Amino acid sequence: MTTPDIAARRAVGACAALMIGALTLTACGGSANADHEDAKGGQGSSTTSAAKIVISAKDGSTGASINTTGVKVSDGKLTEVKMTVAGTGQAVPGSLSADGGSWQPKEQLERGTKYQISATAKDADGRTAAADSDFTTVTSADSFIGSYTPDDGTTVGVGMPVSFNFDKAISDKKAVQSHIEVTSSSGQKVVGHWFGTQRLDFRPEEYWKAGSKVTMKIDLDGVEGANGIRGVQKKTVTFTIGRSQVSTVDVNTQTMTVVRDGKTVKSVPISAGSSEFSTYNGQMVISEKYKKLRMDSRTVNLADAYDIKDVPNAMRLTQSGTFLHGNYWYNKGNPPFGRQGTSHGCVGLQDVRGGQGDTPSKWFYDSSILGDVVIVKNSPDKNVTPDNGLNGWNMAWSEWVAGSAV
């Protein structure tokens, strides 16, 4: 999952700013739009440069964009742009366009941070112009961001939805959703659905087509999501749908059948939830994977029922704590796998301590990717709710579409 503020912080790393030529600042007036005289003008007289520099963030302004702040020039070429964090002098790296007409920071700026930009340019006759600006970017209090999954460039299973979690409540859902576009190379229609005011998921009617490419265009910079609260994200994310793997857990038989690209590859004995702590029914998506994970019953309101510090090959199925994982602590004299449900609601597979043996659990862990689907059927429990994890597939398509704001 990617949090845009993480990328934003990279922008203030200790890197050198782009330097073109030597810095020649003449009497600056503290304005983001400034022309200055070049002392080297014709025959010793001062003449005004034709170059016009515009810094998008005006001098003294607040609420500047962390995405689109930059420098442009007309009737000339930029010769140097220097951007720093005010107070620390930390350089912000940037890039100059091929024609010398514009400059932008290489990465997103930090929210609520004061910056300084100084820029110089020359016109066709070599006369210099300069401009500078001190400004502050939009604050966290006045903006919202959405943490999203999946990450750019990843390969995921056919069940992986696009899921946004916003750090502020969104009141204008239509404005926000209309500035996020999700498309697939498969041609499948993709629709968004709101779960409350801070979560927005996108999916097609059926699972994604294996091998397809999904593109998410986020254009929220400046979009007002609530009263006085504006978005700051602007980027394009692409990910790939891998092979199709859908595994079905049958609680009646305590087995899991793994189907890949339409063909059954293996039937694995499992131990589902006990009669007291049954496993949810329904379609669940693997959202996290851990080679080793501590499982403490107190985190799921089961008092001190267990505290296992090294559960092997664990894969999350619900946000409330349902995992499919290895079990090495079972009774070796009476293994429950394929016979009896003994867990506190998870789906257990035979394993060894450390999770490195030739076991059904390690095989399934190594064979699975984020976004793969695990279906549980014939459990005495209820169906998992669509917002408990990445499990919107448990909602009828008509209901899903009804939850769209556009």
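Not measured: the values here are computed from a predicted model.

Caption draft 1: Quick look at the pairing of strand β6 (residues 77-85). Across the nine residues of β6, seven count as buried, placing the element largely inside the fold. Sheet topology places β6 next to strand β9 (residues 114-122); eight bridges connect them, and they run antiparallel. Each residue of the ladder has a partner; that of Val85, found in β9, is Tyr115.

Caption draft 2: Highlighting the side chain of Ser404. With respect to the secondary-structure elements, Ser404 resides in the segment after α4 (397-402). Here Ser404 is in contact with Gln177, Val191, Gly192 and His193, once residues within four sequence places are set aside.

Caption draft 3: Inspection of the sheet that holds strand β20 (residues 229-231) at higher detail. Spatial ordering of the open sheet is given by β11-β20-β19, a layout of three strands whose pairing is mixed. Because the sheet does not close on itself, it has two edges, and the strands there are β11 (143-144) and β19 (224-226). Alignment of β19 against β20, held across two bridges, turns out to be antiparallel. Residue pairing in the sheet places Glu224 in a bridge with Arg230 of β20.

Caption draft 4: Spatial organisation of unusual backbone geometry. Note that the residue after Thr149, namely Pro150, is joined by a cis bond; omega there is 5°. Note on placement: Pro150 falls in the loop between β12 (146-149) and β13 (155-156). The phi angle at Asp261 is positive, at roughly 50°, despite the residue not being glycine. Within the secondary structure layout, Asp261 lies in the loop between β23 (255-260) and β24 (263-269).

Caption draft 5: Quick peek at the nonpolar core. Counting 33 residues, the largest nonpolar core has Phe164, Phe166, Ile180, Val182 and Met216 as its most contacted members. Those elements that place two or more of their residues in this core are β14 (162-166), α2 (173-177), β15 (180-184), β16 (190-195), β17 (199-204), β18 (213-219) and β21 (234-241). When near neighbours in sequence (up to four residues on either side) are disregarded, Met216 contacts Tyr148, Val162, Phe164, Ile180, Glu181, Val182, Lys235, Thr236 and Val237. Ala51, Leu109, Ile145 and Val232 belong to the second-largest nonpolar core, a separate cluster that totals 25 residues.

Caption draft 6: Here's a closer look at the confidence of the model for the protein chain. Residue-level pLDDT values for the protein chain average 89, and 87% of them are 70 or greater. Ignoring residues within four places in sequence, the model shows residues 4-31, a span with pLDDT below 50, making 73 contacts including any to other chains. Low confidence marks residues 34-45, where pLDDT is under 50. Its contacts with residues over four positions away, or in another chain, come to 29 contacts.

Caption draft 7: Highlighting the sheet that holds strand β28 (residues 323-327). Spatial ordering of the open sheet is given by β26-β27-β28-β29, a layout of four strands whose pairing is mixed. Only two strands of the sheet have a single partner each, and these edge strands are β26 (288-296) and β29 (347-350). Recorded for the sheet is a direction-independent mean angle of 40° between the axes of neighbouring strands. Note that β26 and strand β27 (residues 307-316) share seven bridges and pair antiparallel. When the sheet's bridge partners are listed, Glu288 is paired in β27 with Arg316.

Parameters at a glance
- Residues numbered from 1 in each chain as written.
- Predicted model: local features only at pLDDT ≥ 70, side-chain atom pairs only at ≥ 80, totals over all residues.
- Heavy atoms only, no water.
- Buried < 20%, exposed > 50% of the residue type's maximum accessible area, 1.4 Å probe, protein only.
- Helix = DSSP H or I, 4+ residues; strand = E, 2+ residues; numbered from the N terminus.
- Pairing = 2+ DSSP bridges.
- Contact = heavy atoms within 4.5 Å.
- Core = buried A, V, L, I, M, F, W, Y, C linked by side-chain atoms within 4.5 Å.
- pLDDT = per-residue confidence, 0-100.
- Axes fitted to C-alpha atoms, helices over the stretch in contact; angles between N-to-C directions.

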